[in-house]
Amino acid sequence: FFFFNDTATTEIYTEQIVGSVRCVQETVIKDANFVPGAGASEMALSTRLESYANTVHGLEQYSINKYAKSFEIIPRILIENAGLNANTLLSTLYSANQGDKTAGIDVESGEITDSSKLVIYDHLRTKIMAINLATDAALTVLRVDQIIVAKPAGGPKPRDNKGWDNDCLLYTSPSPRDRQKSRMPSSA
């Protein structure tokens with residue numbers, strides 16, 4: 001619990017905590033499916049996607065590999081937030097998850113352990129919704145980028161507005177040549 005000097009603030013935070021617990025409880029009652037936590041499910045998705053990417057060629061293979069790499073962000077963040085070396089532990093986690101293993105990060109000991117032994121699980125429905133949301137966000141950015149790239153560069157050319165910034169310059173008297181031109185009658 002949080003301890004504050006202000007009773008109103010304590011009440012607000014207590015209500016938020018109770019509300020969050022109630023939401024988690026309702027979610028678990030509706031769908032009681034869980035997947036291994038501690039970064040294990042993300043690494044499993046990453047390794048499976050990379051093996052699938054090896055079956056396709058060209059730009060699709062590149063896209064699938066990059067999408068697979070994006071799942072390594074969650075374990076990396078877990079490792080870095082625990083104050084551990086992300087480069088060494090991430091490669092150890094990657095090799096520990098080859099096959100049907102569910103190795104996760106024990107942030108207390110800094111070791112790679114089977115997530116079922118750690119008793120850390122993630123709610124499946126929440127994980128699917130998070131992956132779908134992140135994928136949709138990435139696709140939206142790519143679509144906008146395609147629109148920007150597809151639009152021809154340049155656009156309309158600016159008008160030739162001679163003297164448009166004359167009001168910014170200090171006023172100078174016209175040259176004698178300009179005075180003569182202004183006195184001459186124009187021929188139509």
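Procedures and definitions
- Residues numbered from 1 in each chain as written.
- Predicted model: local features only at pLDDT ≥ 70, side-chain atom pairs only at ≥ 80, totals over all residues.
- Heavy atoms only, no water.
- Salt bridge = Lys/Arg side-chain N within 4 Å of Asp/Glu carboxyl O.
- Buried < 20%, exposed > 50% of the residue type's maximum accessible area, 1.4 Å probe, protein only.
- Phe/Tyr/Trp six-rings, centres within 6.5 Å; stacked < 30°, edge-to-face > 60°.
- Core = buried A, V, L, I, M, F, W, Y, C linked by side-chain atoms within 4.5 Å.
- Helix = DSSP H or I, 4+ residues; strand = E, 2+ residues; numbered from the N terminus.
- Contact = heavy atoms within 4.5 Å.

Caption draft 1: Spotlight on the pattern of salt bridges. Considering all chains together, one arrives at 5 salt bridges under this definition. A salt bridge links Lys127 to Asp122; the nearest nitrogen and oxygen atoms lie 2.9 Å apart. The buried category is assigned to Lys127, whose relative accessible area is 17%. Each of Glu42, Asp122 and Lys127 takes part in one network of salt bridges that share partners.

Caption draft 2: Quick look at the packing of aromatic side chains. Applying the stated criterion across every chain, the model contains 1 aromatic pair. On the basis of an interplanar angle of 85° and a centroid distance of 5.1 Å, the ring pair of Tyr67 and Phe71 is categorised as edge-to-face. According to the relative accessible area criterion, Tyr67 is partly exposed, its value standing at 32%. Residue classification places Phe71 among the buried residues on the basis of a relative accessible area of 9%.

Caption draft 3: Summary view of the nonpolar core. Within the largest apolar cluster, 8 residues are counted, these being Met43, Ile79, Ala86, Leu89, Leu90, Leu93, Ala103 and Ile105. Mapped onto this core, the elements with two or more residues apiece are helix H5 (86-96) and strand S2 (103-106). No other element matches H5, which puts 4 residues into this core. Not counting residues up to four positions away in its chain, the partners in contact with Ile105 are Ala38, Pro75, Leu78, Ile79, Leu93, Glu111, Ile112 and Leu118.

Caption draft 4: Layout of unusual backbone geometry. Its identity is not glycine, yet Ala38 carries a phi of approximately 60°, on the positive side. Summarising the element assignment, Ala38 is placed in the loop between strand S1 (34-36) and helix H2 (40-53). If you check the backbone angles, Val119 has positive phi at about 55° while not being a glycine. Along the chain, Val119 turns up in the loop between helix H6 (115-118) and strand S4 (121-123). Of the residues examined, Val119 reaches a relative accessible area of 59% and is grouped as exposed.

Caption draft 5: Region of the structure containing the environment of Glu108. The topology assignment puts Glu108 in the loop between S2 and strand S3 (111-114). For Glu108 and Leu84, which are 24 residues apart along the polypeptide, the C-alpha to C-alpha distance reads 10.0 Å.

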